[in-house]
Amino acid sequence: MKSFSAKNEQLVALLSDLAHPACEHGIHPDWLSLDSDTKEAKLTFPFAIDKPSLIAAMDNDPDLSAWQWTIDCQIKRLANSKPDLPMKTGNVIVVSSGKGGVGKSSVSVSLALALSRMGARVGLLDADIYGPSIPTMLGKPEHKLEVKNDKLQPIKYEQLSANSIGYLVDDNDATIWRGPMASRALQQLFNDTDWGLLDYLIVDMPPGTGDIQLTMAQQLPVTGAVVVTTPQNVALKDAEKGASMFERLEIPLIGVLENMSYFECGHCGTPTYLFGQGGGEQLARRHAVKTLGQWPLTPEFGAQLDALQKQTTLELSALQKQTAQRVVAELYHLKQQSV
Ligand SMILES: Nc1ncnc2c1ncn2[C@@H]1O[C@H](COP(=O)(O)OP(=O)(O)OP(=O)(O)O)[C@@H](O)[C@H]1O
């Protein structure tokens with residue numbers, strides 16, 4: 001393909017202005033190549049990309065839609081917190097919360113699935129020793145782990161590979177574990193699972209900021225962390241500790257995700273802010289990071305995850321897909337800044 005820089009600049013500017021989470025930090029000119037004669041253009045992102053929503057955004061712009069677009073990605077392996085470890089599991093994103101019950105596991109499943117449906121190779125590691133809920137959420141609560149060629153075989157949901165600490169031990173045993181036991185189990189899941197080649201590994205961490213969480217976060221080669229909170233003061237106070245923990249560990253905080261932000265009336269669509277408003281945004285501002293999304297309290301979403309074994313497909317909302325897009329775009333941008 002030929003490349004014409006004058007056109008490039010104009011298209012880069014138009015693309016950078018698009019209202020799409022992949023474009024929030026602008027488009028790098030190197031991502032674009034085009035052929036002015038045939039009006040063909042190719043855009044290659046260094047992170048997973050939600051093509052349908054990007055094409056829909058481009059279709060609204062007459063100058064962009066005059067071109068015939070190919071959208072692609074070559075997902076970049078970004079530096080992690082342990083430069084001495086091989087990066088066989090791709091970019092490791094830990095999902096953490098200061099307190100339990102705020103929807104951390106639901107967020108982990110949604111992010112992993114959204115990225116996997118974008119075409120990325122994604123693993124989901126359930127490290128929540130206090131309540132491993134991913135087996136239930138993916139509809140495989142009674143599964144027995146298989147070992148092939150000395151490797152634990154992950155369970156599959158669509159193209160997503162997942163493994164859970166819940167498959168290694170009985171829930172009741174794990175809750176009385178101390179730090180070293182928990183991190184040994186985490187190491188085993190991380191190292192001995194047959195993940196194959198991954199672009200992203202999403203890790204559902206145990207809630208809290210104690211010894212166990214700290215040790216676990218230190219053991220993994222983490223690329224970035226997402227902190228999940230609800231808007232209540234009690235949750236925000238604990239989320240604050242979570243954000244500070246990652247800062248102390250020098251693990252980049254990708255942003256804050258506020259879950260159960262509001263309840264939307266099923267009849268008129270009016271949002272009701274049941275637990276206060278703006279807390280997640282304030283937390284994000286205090287730590288100079290993005291608010292990755294504000295997800296409503298949606299009974300259907302909770303019900304889907306609680307009873308997935310009876311369903312065939314987990315439906316993700318546009319908001320959830322946007323958040324997943326923002327997470328990977330933001331992670332890439334953060335890492336570029338720190339180089
Ligand atoms: N936005 C939402 N709307 C409706 N229900 C939700 C939402 N987010 C989570 N839930 C439901 O809330 C419950 C707790 O969610 P989840 O298990 O994801 O939280 P958690 O923070 O991982 O909890 P734990 O710390 O106990 O593991 C689940 O039943 C889940 O289906």
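Rules behind the numbers
Residues numbered from 1 in each chain as written. Predicted model: local features only at pLDDT ≥ 70, side-chain atom pairs only at ≥ 80, totals over all residues. Heavy atoms only, no water. UniProt positions renumbered as here; feature names shortened; annotations may be inferred. Near = heavy atom within 4 Å. Polar contact = N/O pair within 3.5 Å; in protein donor to acceptor, adjacent residues only side chain to side chain. Areas by Shrake-Rupley, 256 points an atom, 1.4 Å probe, with all protein chains shown as cover. Pairing = 2+ DSSP bridges. Helix = DSSP H or I, 4+ residues; strand = E, 2+ residues; numbered from the N terminus. Axes fitted to C-alpha atoms, helices over the stretch in contact; angles between N-to-C directions. Contact = heavy atoms within 4.5 Å. Buried < 20%, exposed > 50% of the residue type's maximum accessible area, 1.4 Å probe, protein only. 1 Å grid on protein atoms, 1.4 Å probe; cavity = no way out; pocket = protein on both sides within 12 Å on 5 of 7 lines; lining within 4 Å. Points joined across faces, edges and corners; volume = space filled by probe spheres on them. Nonpolar A, V, L, I, M, F, W, Y, C, P; charged D, E, K, R; others polar. Patch = residues over 30% accessible without salt bridge, like charges linked within 9 Å, V, L, I, M, F, W, Y side chains within 5 Å. Salt bridge = Lys/Arg side-chain N within 4 Å of Asp/Glu carboxyl O. Domains from an automatic or database assignment. Buried area = accessible area lost by both parts, 1.4 Å probe.

An unreviewed UniProt entry lists the protein under the name Iron-sulfur cluster carrier protein, with Idiomarina fontislapidosi as the source organism. The annotation that UniProt attaches to the protein under Subunit (unreviewed entry) is "Homodimer." The UniProt entry for the protein carries this comment under Sequence similarities (unreviewed entry): "Belongs to the Mrp/NBP35 ATP-binding proteins family."

Moving on, we come to the site of the ligand. In the vicinity of the ligand lie 20 residues, with G103, K104, S105, S106 and D128 positioned nearest. Between an oxygen atom of the ligand and a main-chain N or O atom of G101, the distance comes to 3.1 Å. Between P296 and the ligand, the recorded distance is 2.9 Å, taken from a backbone N or O atom to a nitrogen atom. Within the complex, 80% of the 630 Å² of free accessible area of the ligand lies under protein.

Time to look at the sheet that holds strand β2 (residues 40-45). Taken together, the three strands give an open sheet; going across it, the order is β1-β2-β3, and neighbouring strands pair in mixed fashion. Each edge of the open sheet carries a strand with a single partner, namely β1 (32-35) and β3 (68-73). In this sheet, adjacent strand axes meet at a mean angle of 15 degrees when their direction is disregarded. Of the strands in this sheet, β2 and β3 are in contact with helix α2 (residues 51-59), which crosses β3 at around 150 degrees.

Turning our attention to the environment of P299. Mapped onto the elements of the fold, P299 is located in helix α11 (residues 299-306). P299 sits 223 residues away from K76 along the chain, and the two C-alpha atoms are 36 Å apart.

Let us look at the environment of I165. Relative to the assigned elements, I165 resides in the loop between β9 (160-164) and α6 (171-174). Here I165 falls in the buried class, since its relative accessible area comes to 0%. Separated by 40 residues in the primary sequence, I165 and L125 have C-alpha atoms spaced 8.0 Å apart.

Our focus in this paragraph is the layout of surface pockets. There is about 190 Å³ of room inside the largest pocket. Considering the residues around the largest pocket, the lining is formed by 11 residues, among which P141, E142, H143, G166 and Y167 are closest to the centre. Of the residues belonging to the lining of the largest pocket, the class tally is five nonpolar, three polar and three charged.

On the surface, a nonpolar cluster with roughly 310 Å² of combined accessible area is contributed by F263, L274, F275 and L297. Among the structural elements, F275 can be located in the loop between β14 (271-272) and α10 (279-286).

What follows deals with the domain arrangement of the protein. Once the domains are mapped, the protein shows domain 1 (5-73) and domain 2 (91-338). Each of domain 1 and domain 2 was reduced to a C-alpha centroid, and the two centroids are 30 Å apart. Domain 1 puts 11 residues into the contact, and the matching count from domain 2 is 14 residues. Carbon and sulfur atoms make up 61% of the surface buried where domain 1 meets domain 2, a total of about 1100 Å² over both sides. The largest share of the area that domain 1 buries against domain 2 comes from P21, H25 and A48, three residues that together contribute 47% of it. At the boundary of domain 1 and domain 2, one finds two salt bridges.

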